[in-house]
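# Working through the structure, step by step
The lines below spell out each chain.
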Amino acid sequence: MTIPHFYTPSHSFIIFFFPFSPLQLQHFCFNSIMETNSVSKWVLFILVLIQLGCQNIQCTVTYDNKAIVINGQRRILISGSIHYPRSTPEMWEDLVMKAKQGGLDVIETYVFWNVHEPTPGNYVFEGRYDLVRFLKTVQKAGLYAHLRIGPYVCAEWNFGGFPVWLKYVPGISFRTDNEPFKRAMKGFTEKIVNMMKSEKLFETEGGPIILSQIENEYGSVGKALGVAGHNYMTWAANMAVGLRTGVPWVMCKQDDAPDPIINTCNGFYCDAFSPNKPDKPTIWTEAWSGWFTEFGGPIHERPVQDLAFGVARFIQKGGSFFNYYMYHGGTNFGRSAGGPFITTSYDYDAPLDEYGLIRQPKYGHLKELHKAIKQCEPALVSADPRVTSLGNLQQAHVFSSESGHCAAFLANYNTNNAAKVMFNNMHYTLPPWSISILPDCTNVVFNTAKVGVQSTQMEMLPTNAELFTWETYNEDLTTVDDSSTFTVSGLLEQVNVTRDNSDYLWYTTNVHVDSSESFLRGGEHPKLLVQSTGHALHVFINGELSGSAFGTRENRRITYKEKVNLRPGNNKISLLSVAMGLPNIGGHYETWETGVMGPVALYGLDQGKQDLSWAKWTYQVGLKGEAMDVISTNRMSSVEWLQGSLIAQKQQPLTWHKASFNAPEGDEPLALDMSSMGKGQVWINGQSIGRYWTAYATGNCQGCHYAGSYRPPKCQLGCGQPTQRWYHVPRSWLKPTDNSLVLFEELGGDPTRIQLVKRSTTTVCADMFEYHPNIKDWHIESFGKTQELHRPKVHLHCGPGLTISAIKFASFGTPLGTCGTFQQGTCHAPTSYDVIQKRCIGKEACAVTIANSNFGQDPCPNKLKRLTVEAVCAPSTRG
Ligand code: GAL
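Residues numbered from 1 in each chain as written. Predicted model: local features only at pLDDT ≥ 70, side-chain atom pairs only at ≥ 80, totals over all residues. Heavy atoms only, no water.

This is how it is decided: UniProt positions are given in the numbering used here, feature names are shortened, and annotations may be inferred rather than shown by experiment.
The chain is annotated in an unreviewed UniProt entry as Beta-galactosidase of Tagetes erecta. Within the UniProt record for the chain, the comment given under Sequence similarities (unreviewed entry) is "Belongs to the glycosyl hydrolase 35 family." One UniProt comment on the chain, placed under Catalytic activity (unreviewed entry), says "Hydrolysis of terminal non-reducing beta-D-galactose residues in beta-D-galactosides."

## A few points about the sheet that holds strand β12 (residues 321–328)
Put simply, the rule is: Each pair of strands is called paired provided DSSP finds at least two bridges between the two strands. Helix and strand definitions follow DSSP, with helices as H or I runs of at least four residues and strands as E runs of at least two, each counted in order from the N terminus. Simply put, an axis is a line fit to the C-alpha atoms, just over the touching stretch for a helix, and the angle between two N-to-C directions goes from 0 to 180 degrees. Note on definitions: a residue-residue contact is assigned when non-hydrogen atoms from the two residues lie within 4.5 Å.
One closed barrel accounts for eight strands, arranged β4-β5-β6-β7-β8-β9-β10-β12; its pairing is parallel. Each strand of the sheet is rotated relative to its neighbour by a mean of 30°, with strand direction disregarded. Sheet topology note: the strand β4 (residues 77–82)/strand β5 (residues 106–110) ladder contains three bridges and is parallel. Within the sheet, the bridge partner assigned to G80 lies in β5 and is I107. Each of β4 and β12 touches helix α11 (residues 362–382); the most contacted strand, β12, lies at about 165° to it.

## Quick word on the packing of helix α10 (residues 304–316) against α11
Basically, it comes down to this: By the definition adopted for this analysis, an angle is roughly parallel if under 35 degrees, roughly antiparallel if over 145, roughly perpendicular if from 65 to 115, and oblique otherwise. Here a crossing is taken to be left-handed if its near helix is turned anticlockwise relative to the far helix by less than a right angle, and right-handed if that turn runs clockwise.
With their axes 10 Å apart at the nearest point, α10 and α11 run at an angle of 10° to one another. One finds that α10 runs roughly parallel with respect to α11. In this structure, the crossing between α10 and α11 has a hand that is right-handed. Judged by residue contacts, V304, L307, A308, V311 and I315 of α10 engage K362, H365, L366, L369, I373 and L380 from α11.

## Some words on a positive patch on the surface
Here is the rule: Only residues whose relative accessible area exceeds 30% and that take part in no salt bridge are eligible for patches, with like-charged residues grouped when within 9 Å of each other and nonpolar side chains (Val, Leu, Ile, Met, Phe, Trp, Tyr) grouped when within 5 Å. Surface accessibility follows the Shrake-Rupley procedure with a 1.4 Å probe radius. Residue values consider only the protein chains on display as shielding. Any Lys or Arg side-chain nitrogen found within 4 Å of a carboxyl oxygen on Asp or Glu counts as a salt bridge. When charges are counted, Lys and Arg are positive and Asp and Glu negative, with His and the chain ends excluded. To locate a charge, take atom NZ for lysine, CZ for arginine, CG for aspartate or CD for glutamate. Exposure classes here rest on a 1.4 Å probe applied to the protein chains alone. A residue is buried below 20% of its type maximum, exposed above 50%, and partly exposed in between.
Together, K527, K561, K563 and K609 make up a region of like positive charge exposed at the surface. Within the secondary structure, K609 is located in strand β30 (residues 608–611). Look at K609 and you get partly exposed, because its relative accessible area is 48%.

## A word on the packing of helix α6 (residues 131–140) against helix α7 (residues 179–198)
At a minimum axis distance of 11 Å, the contact between α6 and α7 shows a crossing angle of 50°. Considering their axes alone, α6 and α7 lie oblique with respect to each other. Crossing of α6 against α7: the hand is right-handed. Facing L131, V132 and L135 of α6, the residues of α7 in contact are I192, M195 and M196.

## Considerations on the site of the ligand
Convention followed: Neighbouring residues are identified by heavy atoms, a residue being near a molecule or strand if any of them is within 4 Å of it. N or O atoms closer than or at 3.5 Å make up a polar contact, with two conditions inside protein: a donor-capable atom paired with an acceptor-capable one, and, for residues adjacent in sequence, both atoms drawn from side chains. The nonpolar class holds Ala, Val, Leu, Ile, Met, Phe, Trp, Tyr, Cys and Pro. Asp, Glu, Lys and Arg form the charged class, and all remaining residues, Gly among them, are polar.
Taken together, 15 residues are adjacent to the ligand, and Y110, E156, E217, E286 and Y348 come closest. In the environment of the ligand, an oxygen atom lies 2.6 Å from a nitrogen or oxygen atom belonging to the side chain of E156. E217 places a side-chain nitrogen or oxygen 2.4 Å from an oxygen atom of the ligand. Starting from 310 Å² of accessible surface for the ligand in isolation, the protein chains cover 95%. Among the residues forming the shell around the ligand, the class breakdown is ten nonpolar, two polar and three charged.

## A look at the state of the cysteines
Keep this limit in mind: Throughout, disulfides are identified as pairs of cysteine sulfur atoms within 2.5 Å of each other.
Considering all chains together, one arrives at eight disulfides under this definition. Paired through a disulfide, C840 and C846 show a sulfur-sulfur distance of 2.0 Å. An S-S torsion of about 90° defines the bridge between C840 and C846 as right-handed. Here the two residues C840 and C846 agree in accessibility, since each one is buried. You can see C154 has no disulfide; the closest cysteine sulfur is in C252, sitting 9.2 Å from it. Looking at C154, the relative accessible area reads 7%, which means it is buried.

## Quick notes on the packing of aromatic side chains
Threshold: Stacked, tilted and edge-to-face are the three classes applied to pairs of Phe, Tyr and Trp rings, where Trp contributes its six-membered ring and a pair requires centres within 6.5 Å; stacked means planes under 30 degrees apart, edge-to-face means over 60, and tilted covers the rest. Geometrically, a lysine NZ or arginine CZ counts as sitting over a ring once it is within 6 Å of the ring centre and also within 35 degrees of the ring normal.
On inspection of all chains with the given rule, the structure shows 52 aromatic pairs. Both rings, one in F162 and one in F181, keep their centres 5.6 Å apart while their planes meet at 85°; by these two values the pair is edge-to-face. Here F181 lies in helix α7 and F162 lies in the loop between β6 (144–150) and α7, a separation of 19 residues in the sequence. For F181, a relative accessible area of 0% translates into the label buried. If you follow R313 out to its NZ or CZ, it ends over the ring of W433, 5.7 Å from the centre. Above the plane of the ring of W693 lies K679, whose end atom (NZ or CZ) is 5.5 Å from the centre.

Written out as structure tokens, the structure is:
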């Protein structure tokens, strides 16, 4: 017999057994415990039963109309998406622990088929693709997992998660009633389920997985396909259920999901959603915490007040499981970004930023929301809400259980005005577009619009790492390497040729220009027309870059029509077509074409139009540098690198650059500032950081107010700046010295100005109202066991290795503005700066109670005051 596979690292936990939460304890299974022969383990087993009140002994996950039921207990479950390949295994534990500290119960991830099975039957589950290690990290933290197997995942991931080879399986048609597709999908789903079973990762075997998803948002796609769509969906559901995982399956955005599969909601709000059967719980599988970014577009933010409002609205309606998509978005390393044009950063404005750092106030405000919801859990799981009107646009949702629990949600849907409402004979003030949560039906512990936690501003600061010994290698396009090329008449679809082994495909043809052409004697130059289905195009005439054109995510088609510099005799026209991530969404997107599909024609020659579409075209898949593996750290010598002393002046297109650097000190996350470059890909020690492109963001960045329905165009940032300037370099990819950076630049840029920067907290702000004795709903700093009203405190926290070095702004009174733009209002306590400085300077964290007595005297009696602080964080001086 073996030791039970508890997730705790040592047995010391037995001694501290009772402090463990029911959530943690529910991971223990009868099966696991039975495997031991030690007497103490039997004692432990009995204690587990007492603690859980586990009637059925076996670990079970079921559901009813109210909630997911784990070991007989209905649960309100708070979940967050963290996609394992979008960070490194070295980051996982920290991310998961931060998620846990943020109040999450569940970590959700998709399973990304194309990284696991790059060629048919050859599986990869190592490094960033180590799904089992990721799930065991979740388990070790005492959290549950929701495994969205898909295997179609969408997710702004290359080809929606499907391997490109799947497209070339004879007779295949994706996501419909088609045998080859169903066979492949079943094969992969089974592979994953069996792997989970053999690792005992389903909850019923003592593991963390409590839920699985099959397909993804198939509802509208299936409807468009009619009977075939319905048959496929039913087949997928039956196939999944037949795998007997022991835990429920969900299908998101699938109104007609057959029993026992739970249909779930995705969106910015899901309070209008109800499952398709009265015995199914209300689940929100994707609460969009922000939005993804496209090259050339702005950054989308979702105000946390609105996100919290959306969640509270869902819970008050009777929702019992919600998942933030994303909780940590991370990075689309390599060529994993879907597309086209999804940025390498998948930050998503998530509570944990791309680098895994806590984003404030988003993280902290949601954490407070989670605490408030958990306080309501006993009432939420045992009663249906009773809805009463409190005004025109105000409502109360009250959960009052037979066992005496009562929780209330007071909502104000008015987007402009606060509302004073009367509930249970008490007055409550509700800010616009907000919900107050009263876990005892009397005291407000949380309001979605009142952000009590600090906001933190992060900046990219220089490091001491210098990039040195620059060398270059020109992607030589004058000589054609016969072994890697072929010639046919006509234009070929790009992915059919490259099989997505490279972003790049060369289309090359020759044009003979007669010396009698009139443009050669001062006439107007001919124009070259190239029509491409995307995604980017570089036109070279006789080895010189003539021009480029780019599609957009919305319109991938490119029409290039520019003057070209032809010479008498033979001219070589080389078109470099660049794929920027294969599509991940849209009806039968696998059939969408990429590359130069034509027509290609010359205009303005004496004979008139010369159509080149059916000329002889020579194809070369990928770049020579790729073929020679210039990025590989051990085969650098296969290429003749040139000393790069003049590279800053030359700014040459189609150039490989290489440099060395030592790892910078410290442990802050690192990034490359690529703003001096054009477009390409970059590698560190042979690992791809991703695609870079200094495309400037267009859009409307007028700022936004949290109130009112959110849509991504509402709150945009970064207009007029490069959409993405910084590219995450995971610390774990670096050696202390002699790291290699290799990049391929398509357009031209100055690599000597690339910098390795570190992400650091530079400013923290706090902004909080005083407690008002006549109003019952000001933020209560602690709402622990006693329910006692404490005076609110502002907390400032710079983070490890940083201390508060200066106070930029402090005002107790009626200050104006937001973090970074605070100003004194008409009321201001003159002691504000002194008080804060005394408490905070030189400290990593400080707290100041908001009370008149702290500031000498009341600066404006009878006025509701706030304390507003902006502090500067700087590296702690080491003694
Ligand atoms: C959803 C989809 C996700 C993701 C999201 C947008 O519709 O299910 O996979 O693509 O949109 O980020």
